Structures are given as structure tokens and as C-alpha cells.
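Analysis of the macromolecular model
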Amino acid sequence: MNIRPDMNRRQFLQTTALAASALPFMGTATERLPYLECSSISDQLKRFAAEKRAQAIAAARAEAREMLPEFKSLFTAAEKGDWPALKDIWQEMWKQTSPFEIRGPRDWRVQGIQSKVVQEIIGAFENIMGGEDGYAIAFGRDIIGSIPPGSIYFGGTDPGRFVITALCRSQVNGDPFFTLTQNALADRGYLHYLRNMYGTRIYIPTEADSTNAFGEYMNDACRRRKENKLRPGEEIEEIDGKLNVSGQLAVMSINGLLAKIIFDKNPEREFYVEESFPLEWMYPHLSPHGLVMKINRQPLAVLSEELVRRDREFWTRYILTMIGDWLHDGTSVGDVVAFIEKVHVNHDLSGFKGDPRFIQNDAPQKSFSKLRSSIAGIYAWRGGNAGSPVEKERMFAEADFAFLQALALGPRSLDALFRYTSLLASQGRTEAAVPLVESALKLQPQNVMLIDLFHQMVVG
């Protein structure tokens, strides 16, 4: 892809949409989305915005609401593809919003389905138009191209949710597949939005399902609270005689229960997930699937050698254009540290065969590193639960290789770093992890979590 520094936004969008020839999926990150060949990404976003405006108008009528003037302005800017204006409107809406309480009926957060539609539009434009490097398009294109029509897809991270949503032919029609996020299922407003959009075609949890999931989690958490067995990230406190739950782990546990209901109640559908936060029930069902993971209908006893080989070959080929062809069997932790120090810490690109745009842009590094570390997490989980020493060694070896790739892709990725150093520590290899943390600290010297991790590893 030939992108010149003097290109304006229009030229850039035309280039990223039309740059490479249409090759089969499973290539490198320089191919294009087949059904975007005859239109620019800008046109695709405008169509997406028009579809979402129609959805919001229909919802407003059904809910007997007037659409906020700010929403109308936002939709108008989106349909023009005017990202700067769209961003200004959104920022102004946030200025008028208290982070602690709803400010009356005109607060955009209480506008029912309309508010969810607006969030989808903002997320799409922010993740696609916010960075002009083309990698968000590659990210969305290759995930969409890998998922069979009619499937159900859980998108976890912001790019994994919003880029996919916007680049599908039609999110509202579930074409080519149904897009949801596992992160918001505990939000009853989001479930209402999904039921309104998909409820006649796939099963979406009901109000009763939501209540039952919350109750199931609370009963389990209260039991563990009495036993002093709450996990880090679970916060349960009693306020005016009522138990309240907060914290990322607690909320994601409820999300996980609701995701399981969707999985169980749609047995005829295939499922795929782009992970944000690990959901324990999924692990026995997960297998690598290109950039994301497949949730198999039945738990897998093992991951076959052929499946693992294809995953390794896919990622080794896929990242060639990003970081170059140097990370293979036999690459050590020290080799990855040396790469990070040379390219990212010292900004020395002599001999670098990858894409300078990639290593100079945090967003794609974070996105692709997260994808790879999630798959590494499958291998690490299977290594920890293997039934034989041979299988344990095989899975830990794959986890090790995948985590090295994840860190080479995104050395600032705390997800990859924390998961990999935890794996190394569990194997008694803490000394191998220390240089990785030291390099990360050179890139983020004020990061408190990294400072604490380094202290734990060195001081104990």
C-alpha cells in the first residue's frame, strides 16, 4: 500500500479502500475487503450512518420520544462523513453530561435505543477515521472475511466491536453475520437494543434472563465473600441494606453468564469471539480462527497438531508486513527484547524490514497484539489444564511463541505483558520476564502497574 505523507483524507480513504488486489483470506495485512472494492471506506461509513439514523428514527417513534437536536446534528455530520464535526458534537454532549448522575430526561444516555445507535456511530468513526494508517481497515476486513455468514460474533475491544459493526454490509440486518459485544450484556438498555434489532432472528436474553444472571452471580459472590474468596476486581458492598456489585471482574462475570445464554439458546449458529476480558466458560470451547477465536459447540479435548500448525503459519505470515520476517522457532525472549530496545526504545530502523507506519502508531500495535495474546491465552489455559506432560509441554510451547509475537507486535501492550510474565513465573522463569518489564518501563516509565510488577518480580 503506497501512502504518501502529503495525502489528504480523501486520497487516503481511496487508497486504503482500493490499494491491494483481492486475494484469499489468510494472507498478510495488505489485502482488501471484497465488497468494499467499488467504494471508498468513506462511502461505507456514510451508508452505515444512514442505516443507523433510520434505526434511531424508528426507535424514537416506537418509544414515543422526540429525537434530541444533538442527535440530529450528529447523524447529519456522520452521513456527510464529517469526522471533525462529528467529534465536536460528541465532545460537547459529554461536557453536558455528569459522570456521576443522570441530568434529567434530556441526558443523551437515557434516550433508549437512540443512545445505543449513537454510540455505535461514534465508535465506528473514531476507530476507523481516527487513525490514517489503513490498519483498522485490514483489521476489520480480515475478521469479517473469516466468519461464515449467519454466525454470531462477539466483539470485545473497541475496534473488535465498532470496526466490524461498521464494515459489515448491514449490522441491522445481520449481514453477513450478527454483531454483538460481550462487554455490554449486563446493561439492560443494550439488551433491549439487541432484542429490537435481532430479536426475531436470534435469541437475545430477556429481562428475566438478565435478572437471573445477576442473581446467580450475586449468590455465588456472596458465598465466596463469606469465605473470604473474592477475586481481585470483585467489589461487593452493602449500602442501605442492599448488596451492590462493581469492579471489572464482577461485571464481566455477569456478561459471561449472559453470553453463555446466547450461546446455548442459538444452537444452530456458529459463534466467534474477539476477546476483551477472558470468560472462563469459553476456554474449553475455544480454538484459534485467523485473527479471532471460534467458540466450538462442544468442548475440545485437545487442539489438534494441524490446527495449531495452521494458526502458527497464519500469524507468522500475517505479521510479515508489520514487523518483518525475523520471529520464528528458536526466537528467544532476549531476541524480542533486543528488537523492542532497538526499534521502539532507540528508534533505530536500520535493517528493519517491516512497516514504519505500524511501529509508529500505538493503535494498530495494541489491536493486533491483543488479538495474538488472546490466542496465546488459549494455549496457556490448555497447558495449565493438560492431562499429560507431553500435552502440557506442547501447549506451553505454543503459548510462549504466541506471546512473543504479541509483544513484538505491541511492546506497550499490558495485556500481553502481564499474561506472559504470569506464565513465565508459573514455570519458574521469572528471570526471563524481567528484561521484558524493564523494556516496557522504558516506553512507559510512569505506568504504576508496570512499576508494581517490576517491584514484585525483582524484590518479591
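Residues numbered from 1 in each chain as written. Predicted model: local features only at pLDDT ≥ 70, side-chain atom pairs only at ≥ 80, totals over all residues. Heavy atoms only, no water.

What follows is about the layout of surface pockets. Its boundaries defined by the atoms lining it, the largest pocket holds a volume of some 1,600 Å³. Surrounding the largest pocket, 46 residues form its lining, Q248, S276, F277, P278 and D415 being those nearest its centre. It is helix α15 (residues 362-384) that contributes the most residues to the lining of the largest pocket, nine residues altogether. (1 Å grid on protein atoms, 1.4 Å probe; cavity = no way out; pocket = protein on both sides within 12 Å on 5 of 7 lines; lining within 4 Å. Points joined across faces, edges and corners; volume = space filled by probe spheres on them. Helix = DSSP H or I, 4+ residues; strand = E, 2+ residues; numbered from the N terminus.)

When two helices pack together, their arrangement is given by the angle between the helix axes and the distance between those axes. Two elements in contact, helix α13 (residues 333-345) and helix α18 (residues 430-443), have axes separated by 9 Å at closest approach and are oriented at 10°. Classified by the interaxial angle, the pair formed by α13 and α18 is roughly parallel. Contacts between α13 and α18 involve V333, V337, I340, E341, H344 and V345 from the first element and A432, P435, L436, S439, K442 and L443 from the second. Split into classes, the residues belonging to the contact of α13 with α18 amount to eight nonpolar, two polar and two charged. (Axes fitted to C-alpha atoms, helices over the stretch in contact; angles between N-to-C directions. Parallel < 35°, antiparallel > 145°, perpendicular 65-115°, else oblique. Contact = heavy atoms within 4.5 Å. Nonpolar A, V, L, I, M, F, W, Y, C, P; charged D, E, K, R; others polar.)

The tally for this structure, following the rule as stated, stands at 20 aromatic pairs. Each ring, one from F314 and one from W315, has its centre 5.8 Å from the other, and the planes form 85°; the classification is edge-to-face. For the pair shown, F314 and W315 are each scored as buried. Against the face of W281 rests K260, its NZ or CZ located 5.5 Å from the ring centre. (Phe/Tyr/Trp six-rings, centres within 6.5 Å; stacked < 30°, edge-to-face > 60°. Buried < 20%, exposed > 50% of the residue type's maximum accessible area, 1.4 Å probe, protein only. Lys NZ or Arg CZ within 6 Å of the ring centre and 35° of its normal.)

Quick look at empty space enclosed by the protein now. Scanning the entire structure with this criterion turns up four cavities of 30 Å³ or more. Among the residues forming the lining of the largest cavity, the class breakdown is seven nonpolar, one polar and one charged.

For the rest of this paragraph, the subject is helix α3 (residues 69-79). Restricting attention to buried positions, one finds in α3 the residues F71, L74, F75, A77 and A78. Relative to the axis of α3, the buried residues are bounded by an arc of 165° and lie together on one face. Each element contacted by the buried residues of α3 is listed here: α2 (41-62), α4 (83-95) and α5 (113-129). At the C-terminal side of α3, G81 shows a positive phi close to 70°. (Arc of directions from axis to C-beta.)

The residue H285 is located in the loop between β5 (271-274) and β6 (286-289) in this model. Classification of H285 as buried rests on a relative accessible area of 10%.

In this section: the packing of α3 against α5. Running from amino to carboxyl end, α3 crosses α5 at an angle of 35°, the nearest separation of the two axes being 11 Å. Between α3 and α5 lies a crossing of left-handed hand. Packed against α3, whose contacting residues are F71, L74, F75 and A78, the element α5 presents Q114, S115, V117, V118, I121, I122 and F125 at the interface. (Left-handed = near helix turned anticlockwise from the far one by under 90°.)

What you see with β5 is no split at all: F271 and V273 on one side and Y272 and E274 on the other are buried throughout. As paired strands, strand β1 (residues 152-155) and β5 are joined by four bridges and run parallel to one another. Considered in β5, the bridge of I152 is made with F271. Judged from the three bridges that link them, β5 and strand β7 (residues 292-295) form a sheet pairing that is antiparallel. Within β7, the residue paired with V273 across the bridge is M293. (Pairing = 2+ DSSP bridges.)

What follows concerns α13. Along α13, the residues that are buried comprise V333, V336, V337, F339, I340, E341, V343 and H344. Those residues of α13 hidden inside the fold are in contact with α12 (320-323), α14 (356-359), α15, α16 (389-409), α17 (414-426) and α18. Immediately beyond the C-terminal end of α13, within one or two residues, lies H347, with a positive phi of roughly 55°.

We now examine the sheet that holds β5. The strand order across the open sheet formed by five strands is β2-β1-β5-β7-β6, and the pairing between neighbours is mixed. Because the sheet does not close on itself, it has two edges, and the strands there are β2 (178-180) and β6. Pairs of neighbouring strands in the sheet enclose a mean axial angle of 30°, with direction left out of account. Two strands pair when backbone bridges link them, and β1 and β2 are joined in this way by three bridges, in the parallel orientation. Residue pairing in the sheet places F154 in a bridge with L180 of β2. Packed onto the sheet, helix α7 (residues 158-167) meets β1, β2 and β5 and runs at close to 135° relative to β1.

Moving on, we come to the confidence of the model for the protein chain. Confidence along the protein chain averages 89 in pLDDT terms, with 90% of residues attaining 70 or more. Counting contacts from residues 1-27, a segment whose pLDDT is below 50, to residues more than four positions away or on other chains yields 54 contacts. (pLDDT = per-residue confidence, 0-100.)

Okay, the pattern of salt bridges next. Per the stated rule, a full pass over the model turns up 34 salt bridges. The partner of D187 in a salt bridge is K116, and the shortest N-O contact between them spans 2.7 Å. With a gap of 71 residues between them, D187 in the loop between β2 and α8 (188-198) and K116 in helix α5 connect regions that are remote in the sequence. On the basis of relative accessible area, D187 is assigned to the partly exposed category, the value being 31%. (Salt bridge = Lys/Arg side-chain N within 4 Å of Asp/Glu carboxyl O.)

By size, the foremost hydrophobic cluster in this structure holds 136 residues, and its most contacted members are F154, L180, L194 and F368. Among the elements that make up this core, the one with the highest residue count is α16 (11 residues). Beyond its immediate stretch of four places on either side in the chain, L194 contacts L180, L185, G199 and I204. (Core = buried A, V, L, I, M, F, W, Y, C linked by side-chain atoms within 4.5 Å.)

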